[in-house]
Amino acid sequence: MDGPLQKVVANIKAKSTSPADLTVLLTDLMSCEELLIKHMPQLDDLLPVLDPTTHTLGMVFILNCKAAAVPLGNLHAVNIFLQQCRRMLLGCDPLQVKLVPSQFVAVCMKLSAAAIAIKSPLSAIRPLRAAACALQPSPAHFTPLHAECVKLCLLSKCYYAAQPLLEQELLQIDKDGTHVTPRDLLLYHYYAGMVEIGLKRFKSAIQYFTLAFSAPTHVLNAIMLEAYKKGWLCSLIEFGELPRVPKYTSTILRRHVKSASCIAYQELSEAFLAHDINSLRAALEKHSSALQADHNFGLAKQCIDALKRRNILRLTRTYLTLSLENIAEQAQLDLAEAEKYVYDMMSSGEICASIDEQQGMVRFNEWEERFDSQSTVNGMEQSIGRAIALAQKLQEMNLQLAVDHNYLSRVSSQDRSHSRWEDDVNTTLNR
Amino acid sequence: MSSTAAQAPPPLAPSLDVETYISNYSGVTRLKRLAFIAAKSTALKADALRMALEEVKRTTNTSLYLELAGLAEPAGAAREDAWVEEVDRRAAHTLEKLEAGLAAHKSSLVKESIRMGHTDLAEFYFERGDFQNAFKCFVRTRDYCTTAKHVIAMCLGVIRVSIHMENFTNVSAYVGKAETTPAESLDAILVAQLKAAAGLAQLEAKNYGLAARKFVEVSPELGSAFNDVLSLQDVALYGGLCALASFSRDELKSKLIDNGGFRTLLELFPDVRELINDFYHSKYASCLQYLRKLEPDLLLDIHLHDHVDGIIKAIQSRAIIQYFSPYVRINMIQMAAAFQFEVNELERNLASLISSGQIEARIDSHHKVLYARHDDQRSATFRKVLSMGEDYMRDTKALLLRINLMRHDFILKGNADTLGPSKSSRQDRQDHASFSENMSL
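Quantities reported herein were computed from a predicted structural model and do not represent experimental measurements.

Brief notes about the overall build of chain B
The helix and strand tally for chain B stands at 23 helices and three strands. Look at the contacts in chain B between residues 6 or more apart in sequence, and 59% of them connect residues 24 or more apart.

Looking at the side chain of A:Q96
Structurally, A:Q96 is set in helix 7 (residues 94-97). Beyond its immediate sequence surroundings of up to four residues, A:Q96 is in contact with A:S16, A:L22, A:T53, A:T54, A:H55, A:T56 and A:L57.

What about the interface of chain B and chain A?
Reports often express the size of an interface as the amount of accessible area lost when the parts come together. Contact with chain B, which involves 61 residues of that partner, is made by 81 residues of chain A. Between chain B and chain A, a total of about 6800 Å² is buried, with carbon and sulfur atoms accounting for 63% of that surface. Put simply, chain B and chain A have four salt bridges between them. Among the ionic pairs, B:D395 bridges to A:R244, the shortest N-O distance being 3.2 Å. In this assembly, chain B and chain A are joined by 22 residue pairs in polar contact (both at pLDDT 80 or more). Those elements that provide at least two residues to the side of chain B that touches chain A are helix 20 (343-355), strand 2 (361-364), helix 21 (377-407), helix 22 (421-434) and helix 23 (436-439) of chain B. Ranked by the residues each element gives to the side of chain B that touches chain A, the list is headed by helix 21 of chain B, at 23 residues. Residues belonging to the side of chain B that touches chain A are distributed by class as follows: 26 nonpolar, 16 polar and 19 charged. Bridge analysis of strand 1 (residues 319-323) of chain A against strand 2 of chain B gives two bridges, and the strand direction is parallel. Residue A:T321 lies in a different strand from strand 2 of chain B, and its bridge partner there is B:D364.

What about the nonpolar core?
In terms of nonpolar packing, the biggest core is built from 242 residues, with A:F104 and A:I327 touching the most fellow members. Not counting chain neighbours up to four residues away, the residues in contact with A:F104 comprise A:V60, A:M88, A:L89, A:V97, A:A131, A:L135 and A:L145. Listed in part, the 26 residues of the second largest apolar core include B:A38, B:L44, B:A52 and B:W83.

A word on the environment of B:I276
Turning to its location among the elements, B:I276 is positioned in helix 16 (residues 270-280). In this structure, B:I276 is in contact with B:G240, B:L244, B:L256, B:I257 and B:L266, ignoring residues within four places of it in sequence.

Digging into the packing of aromatic side chains
The description of an aromatic ring pair uses the distance of the two centres, along with the angle that the planes make with each other. All names here are of chain B. The full count for this structure, using the stated rule, is 19 aromatic pairs over all chains. Here the aromatic rings of Y65 and W83 are separated by 5.0 Å at their centres, their planes lie at 65 degrees, and the arrangement is edge-to-face. Taken together, the residues span a long stretch of sequence, with Y65 in helix 5 (residues 62-72) and W83 in helix 6 (residues 81-108) at a distance of 18 residues. Three or more aromatic residues link up through ring pairs in this structure, and these residues are F279, Y284, Y323, Y327, F339 and F341. If you follow K57 out to its NZ or CZ, it ends over the ring of W83, 5.9 Å from the centre.

Brief notes about the confidence of the model for chain B
All names here are of chain B. Mean pLDDT over chain B stands at 82; residues scoring 70 or higher make up 89%. Of all secondary-structure elements in chain B, the lowest mean pLDDT belongs to helix 1 (residues 2-7), at 37, while helix 12 (residues 208-216) reaches the highest, 90. Considering only residues more than four positions removed or in separate chains, one finds that residues 416-441, a stretch of pLDDT under 50, has 46 contacts. This prediction of the complex comes with two scores: 0.72 for pTM and 0.84 for ipTM.

Things to note about the pairing of strand 1 of chain A
Residue and element names in this part refer to chain A. Burial analysis of strand 1 places five of its five residues in the buried class, which makes it a mostly covered element. By the bridge criterion, three bridges tie strand 1 to strand 3 (residues 361-364) in an arrangement that is antiparallel. Bridge assignment links T321 to a residue of strand 3, and that residue is R363.

Section: unusual backbone geometry
Note: most residues except glycine have negative phi, and most peptide bonds are trans. All names here are of chain B. Phi at L109 takes a positive value of approximately 60 degrees, unusual for a residue other than glycine. Examined against the element boundaries, L109 turns out to sit in the loop between helix 6 and helix 7 (111-128). Residues other than glycine seldom take positive phi values, yet K368 does so here, at roughly 55 degrees. You can see K368 is positioned in the loop between strand 2 and strand 3 (369-372).

Quick notes on the packing of helix 13 (residues 232-246) of chain B against helix 18 (residues 308-324) of chain B
Pairs of packed helices are described in terms of their axes, by the angle between the two and the distance that separates them. All names here are of chain B. Following both chains from N to C, one finds helix 13 and helix 18 inclined at 45 degrees, their axes separated by 7 Å at the closest point. Judged on the interaxial angle alone, helix 18 and helix 13 are oblique. You can see that helix 13 and helix 18 cross each other, and the crossing is left-handed. Contacts between helix 13 and helix 18 pair L241, C242, L244, A245 and S246 from the former with I311, A314, I315 and R318 from the latter.

Some remarks on the sheet that holds strand 2 of chain B
Spatially, the six strands line up as an open sheet ordered 2(A)-3(A)-1(A)-2(B)-3(B)-1(B), and their pairing is mixed. Two strands bound the open sheet, and with one partner strand each, they are strand 2 (353-356) of chain A together with strand 1 (329-331) of chain B. Across this sheet, the average inter-strand angle for adjacent strands is 20 degrees, counted without regard to direction. Against the sheet, helix 19 (residues 332-339) of chain B makes contact with strand 1, strand 2 and strand 3 of chain B, and its axis sits at roughly 70 degrees relative to strand 1 of chain B, the strand it touches most.

Some points on the pattern of salt bridges
Taken as a whole and judged by the stated rule, the model has 37 salt bridges over all chains. B:R33 is the partner of B:D301 in a salt bridge, and the nearest nitrogen-oxygen pair spans 3.7 Å. Separated by 268 residues along the polypeptide, B:D301 in the loop between helix 17 (284-299) and helix 18 and B:R33 in helix 3 (residues 28-40) bring together distant segments of the chain. Overall, the relative accessible area of 3% leaves B:D301 in the buried class. Among the charged side chains, a network of salt bridges with common partners joins A:R244, B:D391, B:R394 and B:D395.

Thoughts on the environment of B:K149
Residues and elements named next belong to chain B. Here K149 is to be found in helix 9 (residues 148-165). The exposure class of K149 is exposed, given its relative accessible area of 71%. Sequence-wise, K149 and L266 are 117 residues apart; in three dimensions their C-alpha atoms are separated by 31 Å.

Brief notes about helix 18 (residues 277-286) of chain A
Residues and elements named next belong to chain A. Every buried residue of helix 18 is listed here: I277, L280, A283 and L284. Within helix 18, the buried residues cover an arc of 120 degrees as seen down the axis, which keeps them to one side. Along helix 18, the residues that are exposed and aim more than 90 degrees away from the buried face are E285 and K286. Against helix 17 (263-273), helix 19 (288-293) and helix 20 (297-318) lie the buried residues of helix 18. Between the side-chain oxygen at the start of helix 18 and the backbone nitrogen of N278 there is a gap of 3.1 Å, and the oxygen is on D276.

What about the side chain of A:H189?
On the secondary structure map, A:H189 appears in helix 13 (residues 182-198). We classify A:H189 as buried; its relative accessible area is 5%. Setting aside anything within four residues of it in sequence, one finds A:H189 in contact with A:F142, A:Y208, A:L211, A:A212 and B:L401.

Quick notes on the environment of A:K247
Residues and elements named next belong to chain A. Position of K247 relative to the elements: it lies in the loop between helix 15 (222-239) and helix 16 (251-258). Relative accessible area serves as the criterion here: at 63%, K247 is assigned to the exposed category. When the C-alpha atoms of K247 and A77 are compared, they prove to be 51 Å apart, with 170 residues separating the residues in sequence.

Focus on the pairing of strand 2 of chain B
In summary, the side chains of a regular strand alternate between the two faces of the sheet. Residues and elements named next belong to chain B. Residue alternation in strand 2 divides its side chains into two sets, A361 and I363 and R362 and D364, and both sets are buried. In terms of strand pairing, strand 2 meets strand 3 through four bridges, oriented antiparallel. In the strand pairing of strand 3, I363 is matched with L370. In textbook terms, the turn of a hairpin is the stretch between consecutive antiparallel strands, and for strand 2 and strand 3 this stretch comprises four residues, one of which, K368, has a positive phi near 55 degrees.

Basis of the calculations
Residues numbered from 1 in each chain as written. Chains lettered and ligands numbered in written order. Predicted model: local features only at pLDDT ≥ 70, side-chain atom pairs only at ≥ 80, totals over all residues. Heavy atoms only, no water. Helix = DSSP H or I, 4+ residues; strand = E, 2+ residues; numbered from the N terminus. Contact = heavy atoms within 4.5 Å. Buried area = accessible area lost by both parts, 1.4 Å probe. Salt bridge = Lys/Arg side-chain N within 4 Å of Asp/Glu carboxyl O. Polar contact = N/O pair within 3.5 Å; in protein donor to acceptor, adjacent residues only side chain to side chain. Nonpolar A, V, L, I, M, F, W, Y, C, P; charged D, E, K, R; others polar. Pairing = 2+ DSSP bridges. Core = buried A, V, L, I, M, F, W, Y, C linked by side-chain atoms within 4.5 Å. Buried < 20%, exposed > 50% of the residue type's maximum accessible area, 1.4 Å probe, protein only. Phe/Tyr/Trp six-rings, centres within 6.5 Å; stacked < 30°, edge-to-face > 60°. Lys NZ or Arg CZ within 6 Å of the ring centre and 35° of its normal. pLDDT = per-residue confidence, 0-100. Axes fitted to C-alpha atoms, helices over the stretch in contact; angles between N-to-C directions. Parallel < 35°, antiparallel > 145°, perpendicular 65-115°, else oblique. Left-handed = near helix turned anticlockwise from the far one by under 90°. Arc of directions from axis to C-beta.

In structure tokens, the structure reads:
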């Protein structure tokens, strides 16, 4: 390690304590970026000397310089880079990270790309999760790293690994602090929805997809469209109905999904809503190439199973007893399949029924849930608590808006031509 | 049973005597109804066509004549081209005269004359069967109306034309206009005409309940004033059927059976009167019998034919619902006997009524017993509250996020910069491709 680098390290070590020093260090580092790039090969020796927790700022700078030059084809180099990033991200100091958001995000993105390049996305999940939390000004803020981390979870099929991030109630945006873009938000919601599909939590998946496709936009966006399609299928599977579209969803998207380009989905849902398994199969067959091109074929196939279950469920609301043959006939199944489905649904608790083997009769019983247990009370209380907390947030937002400079100037101006922004805020508040 | 009626000429069809039936009407509707019967029923085709041809030669409607003659040709009726030419020539002459008259009135700037000119022209077109132009001329008189009476005359003209054009949204619109026109005292006949037209428009829009409400308000004073559109018997028939298909028992009693005006109308159509009485007195078998008897005739009605199926199904459903309403459990075999249904058919009907939420019951298919179901209010409320709470949370969160997005101007724009989606969308698709396997699980 020669002179100039030695000096940089010394500087980092000296000025990594107080906030005032850190700002000085930041300007120092900015000015010596060239120097770092010049001495690229020696940078690897520098990092072990520094402590991730105390010297985060310096390490981010050094890694950022290095990141641009890591050859993704070289397994050894990538592995070293991964190791270095892991060490820094898992121990980093959130306060220092927030001083250099753009560099920090760049390092993380490179890390993610590197992990994907060596086909081990799993290895970057934990560091990225830590990084996302470090970059957040509060646990309610979006960061670009959220989307990236969830994407890695998807790629490695470790859906549960995304859980800690999905549990955060993300509502806030800080463009300067986190360098988040609208596209990151869309991707986050889209990936999150897909993770929920992987976990078979369709209800929550639909929520994420809805957030993605109802985002404010002036243009038709591919992510939104894909989110809409996936949400469409999930909605059929979970609720057996068309997706609920918030009224503020952009008209461009609404028009597009009604156009001929989404004919596959339209015909699928038509068959589904008519409770007709054969025509659903036919529609699936007919549009299999389009669905495969959208990577939704598997999801679409799940619709068939969902429809079979839904048809049986519908029978339970109409009949008290029904022979297996009639069940099979009305649900368009063959006898063995009908028995299997009834049996499956009984054991999973979807329906409450008993089979009389001798007479081939199925007796459907009413639901046992009486809502009078202690757990009901607890669940209720929790829900009410959450709703109150949310209402408080809403109240805060209302107060903030009431003194918001932009809002007040709009309201006080005599200009009657309502701007888009104001209209939107008003309608959203009035709802 | 409706399907058999549609397939073949129904055995009961002769109950309709074309001559008596058509004598209830006047003007262009006679022609249209005859032509309609000729097109729908093979048994009555010859009769209807013959009468229509005789009829049409008394008018100047040459295009309809040609159409009818074309239909009648296979039966050996020769087309009289000479007559057509003669009439066309005369019509062209009249048209010229009328237009010249109108032009003269226009230059003289006398409003009333211009209005008359347009009206004459409209009547001329109407007579010729050119409803498009008649409609235009009627609408044009609007600018020259000076009194409320003129406005109403204009509306009525438009309504007649629109009915024959089968443009029923226009009918509703102009009925509305006529009804809101401030006139000192509307003629009772006029009011009845407007009500009948409004009822017809609602019937065509499949709003049977609203149609029934309009028809039962038609007073018998209408007489034959609206015979070029529909007869009093028609009002009784349409009104009665629509009422059965949509009214509750109480409404049936107050609006039909106790309604003196409408009862007079019902006397003109005893079958419908019996139908309503049977329904009200819960004699469903005989009620449905009357319906079945009427059905072939109904299918030949120019306005009703499209709705026969829907109305009969609705009446059947209402009958089943009403029959079951006082019971907690009922033997389906007995019930089927009361309706003269097959048990399986009844079961199917019941199942569709239950799944559409019109009956709260469940079927014991094994013992053929139908049980009323009394939903547990308490758990239903719990379930509803929970789902409403969930919806509230979800929507509110989405809105909070949206407000934040708006405040930070986080709106996707089509710029080609790094934030823009257009450039990155292809990239996204590649991203998606890489985890496609997830989806095919």
